[in-house]
Amino acid sequence: MDNKEFRKNAHELVDWMADYFEQVEDYPIKPDLQPGDILAQLPDSAPEQGEPFEAMFEDFKKTIMPGMTHWESPHFMGYFPANKSYPSVLAEMLTATLGAQCMSWLTSPAATELEEQVMEWVRKLIGLPDPFTGVIEGTASTSTLCALLMAREQVTDFEVNESGFSGDQDYIVYCSSETHSSIEKDVKIAGFGRKNLRKIPVDENYAMDPAALEEAIREDLEDGNKPTAVVATIGTTGSTAIDPLKEIGPLCSKYEIFLHVDAAYAGTALLLPEKRWMNKGIEHADSFVFNPHKWMFTNFDCSAFYVQDEALLVRTFEILPEYLKTPEDERVKNYRDWGIPLGRRFRALKLWFVIRSFGIKGLQDKIRGHISLAQQLTATIEQHDDFELLAPVPLNTICFRFHPNHIDDEKKLDELNSKLLNNIQQDGTLFLTHTKLDGKYTVRIVLGNTNLEERHVDKAWNVIKEKAFELIQ
Ligand SMILES: *Cc1c(COP(=O)(O)O)cnc(C)c1O
């Protein structure tokens, strides 16, 4: 492909992209496929000779597109959204075009300094106090791993970095039983060992019970273990429960335990002053993560990781071989020392474009709109005799189930709701997912897509009711 062809193909793609955004809600939201169906259409080996762009693009439309699940559709209400927006997609085009590898200041001063400033903007937007400094990581899983590694090095005075875990001392990490699975994965990777992860019970709202946390810490101290880190969640993945930082924070300070806050999804709601109560006690936290790539209209990947002690973070990760030394090292941030990978994409650009394009007000309006649509649907579900809410709805994730009056057997209700979800998925007009809350099969609906409007929510509720009542006819 030469420059002339690139220009022509790129224009064609941009038209395709704009059409896609316009038409996405008319696509079947998820393909009707069996595992291996796409694989069977792909050649066993790579082509010997180069092929024209037209051939690739044709195959993309013919083979790949029918196998895609459309996260961009406003009827995608499963998991948590992986949002995007026009300014974000445009920035990704520029990032790909520049192709800069932004591991240190020298390798692209503008990328480093823009990241520094945009993270500062975001810090103020979500009301994080002054000592916090931010960096963009790939995912919340990685950010939390960084936090646990910082905790590990702090508690062992950098001994594990030096000699590895040794001796019989057990280092303990605490989270709630509703915490995201990435915490357990990170505990394994960081070398703490899964048996040293304590899952603290939750209250009736699925938030961590601080009294149970303190009891667990005391028990560990009595057993000669070393309480090392607590991971509190703002907005659990199951039901967006909010762990009480204002009680957990002082406990961590009292027992000198590293506190990491995982607000991967719900952190975006902190853009709204009326939601800042969720973050009360944040000054006790050592680190905080939220993902603009979930609800803040910024393409995956973009995870905003904040720490109070920049020196601890850098000392945990810094390695300086001769070939990476630069004359400015003393005066600049070299983000390669702020996390795990050496290489870094220019991710600040899309966040900058998003914030400038929407403006603070535009972002707030969208998020408020989502929450308000969710509150309306929550009221509708609550008032319906044959549906019930299974958790509070502080934001825009609704946990509910179909519960016809004449059925009270829990096992039957689980089966009924699992069938309901299955039939909704088969239908292809709506994408929902499930969880288990207090052992109950729970249907989850998340109203956070960039282009969500009231009519999409109305349609979703109609599909849910239709599929539900079909089951008991
Ligand atoms: C989505 C989510 C994660 C994982 O996020 P990744 O960026 O995909 O690693 C972690 N914690 C919570 C609470 C989440 O909702």
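Nothing here was measured: the structure is a model prediction, and the numbers come from that model. (Residues numbered from 1 in each chain as written. Predicted model: local features only at pLDDT ≥ 70, side-chain atom pairs only at ≥ 80, totals over all residues. Heavy atoms only, no water.)

Visitor: Which residues make up a nonpolar patch on the surface, and what are the values?
Guide: The grouping of L39, L42, I64 and M68 at the surface amounts to a nonpolar patch, some 350 Å² of accessible area in total. For L39, the position within the fold is in the loop between helix 1 (3–23) and helix 2 (53–64). (Patch = residues over 30% accessible without salt bridge, like charges linked within 9 Å, V, L, I, M, F, W, Y side chains within 5 Å. Areas by Shrake-Rupley, 256 points an atom, 1.4 Å probe, with all protein chains shown as cover. Salt bridge = Lys/Arg side-chain N within 4 Å of Asp/Glu carboxyl O. Helix = DSSP H or I, 4+ residues; strand = E, 2+ residues; numbered from the N terminus.)

Visitor: Report on helix 2, specifying residues and quantitative values.
Guide: The set of residues buried in helix 2 consists of F53, F57 and T63. For helix 2, the buried positions fall inside an angular range of 155° around the axis, keeping them on one side. Lining the buried residues of helix 2 we find helix 1. (Buried < 20%, exposed > 50% of the residue type's maximum accessible area, 1.4 Å probe, protein only. Arc of directions from axis to C-beta. Contact = heavy atoms within 4.5 Å.)

Visitor: Let's hear about the nonpolar core: which residues, and what values?
Guide: A general feature of soluble globular proteins is that nonpolar side chains tend to end up buried together. Ranked by internal contacts, the top residues of the largest apolar core, which has 63 residues, are L213, V230, L259, F288 and L351. Ranked by residue count, the leading element in this core is helix 12 (residues 348–383), at nine residues. Those residues in contact with V230 that lie beyond four places of it in its chain are Y174, M208, L213, I248, C252, I257, F258, L259 and H260. Formed by 31 residues, the second largest nonpolar core is a distinct cluster that contains A147, M150, A151 and A264. (Core = buried A, V, L, I, M, F, W, Y, C linked by side-chain atoms within 4.5 Å.)

Visitor: Can you explain the sheet that holds strand 8 (residues 387–389)? Please cite residues and give values.
Guide: Read across the open sheet, the four strands follow the order 8-9-11-10; overall the sheet is antiparallel. Unpaired on one side and paired on the other, strand 8 and strand 10 (433–437) mark the two borders of the sheet. Ignoring strand direction, the axes of neighbouring strands in this sheet form an average angle of 40°. As paired elements, strand 10 and strand 11 (residues 440–446) share five bridges and run antiparallel to each other. Residue pairing in the sheet places L437 in a bridge with K440 of strand 11. Contacts between helix 14 (residues 454–471) and the sheet are confined to strand 8, strand 9 (397–402) and strand 11, with strand 8 contributing the most and set at about 125° to the helix. (Pairing = 2+ DSSP bridges. Axes fitted to C-alpha atoms, helices over the stretch in contact; angles between N-to-C directions.)

Visitor: Run through the UniProt feature "modified residue: N6-(pyridoxal phosphate)lysine" (unreviewed entry) in the protein chain, naming residues and quoting values.
Guide: Residues annotated in UniProt with the feature "modified residue: N6-(pyridoxal phosphate)lysine" (unreviewed entry) correspond here to K294. With respect to the helices, strands and loops of the structure, K294 is situated in helix 10 (residues 292–295). In this structure K294 comes out as buried when scored by relative accessible area, which is 17%. In this structure, K294 is in contact with F80, P81, A82, N83, A264 and Y265, ignoring residues within four places of it in sequence. (UniProt positions renumbered as here; feature names shortened; annotations may be inferred.)

Visitor: Give a detailed account of the pairing of strand 10, specifying residues and quantitative values.
Guide: With burial as the criterion, only one face of strand 10 is covered, namely that bearing T433, T435 and L437; the residues H434 and K436 on the opposite face remain uncovered. Taking the residues between adjacent antiparallel strands as the criterion, strand 10 and strand 11 are bridged by two residues, where D438 takes a positive phi near 50°.

Visitor: Kindly report on the site of the ligand, identifying the contributing residues and their values.
Guide: Around the ligand, the structure places 13 residues, and the nearest of them are A140, S141, D262, N291 and K294. One of the backbone N or O atoms of A140 is found 2.7 Å from an oxygen atom in the ligand. Within the side chain of K294, a nitrogen or oxygen atom sits 2.9 Å from an oxygen atom of the ligand. Burial of the ligand by the surrounding chains reaches 88%, relative to a free accessible area of 380 Å². Here the residues of the shell around the ligand are counted per class, giving three nonpolar, eight polar and two charged. (Near = heavy atom within 4 Å. Polar contact = N/O pair within 3.5 Å; in protein donor to acceptor, adjacent residues only side chain to side chain. Nonpolar A, V, L, I, M, F, W, Y, C, P; charged D, E, K, R; others polar.)

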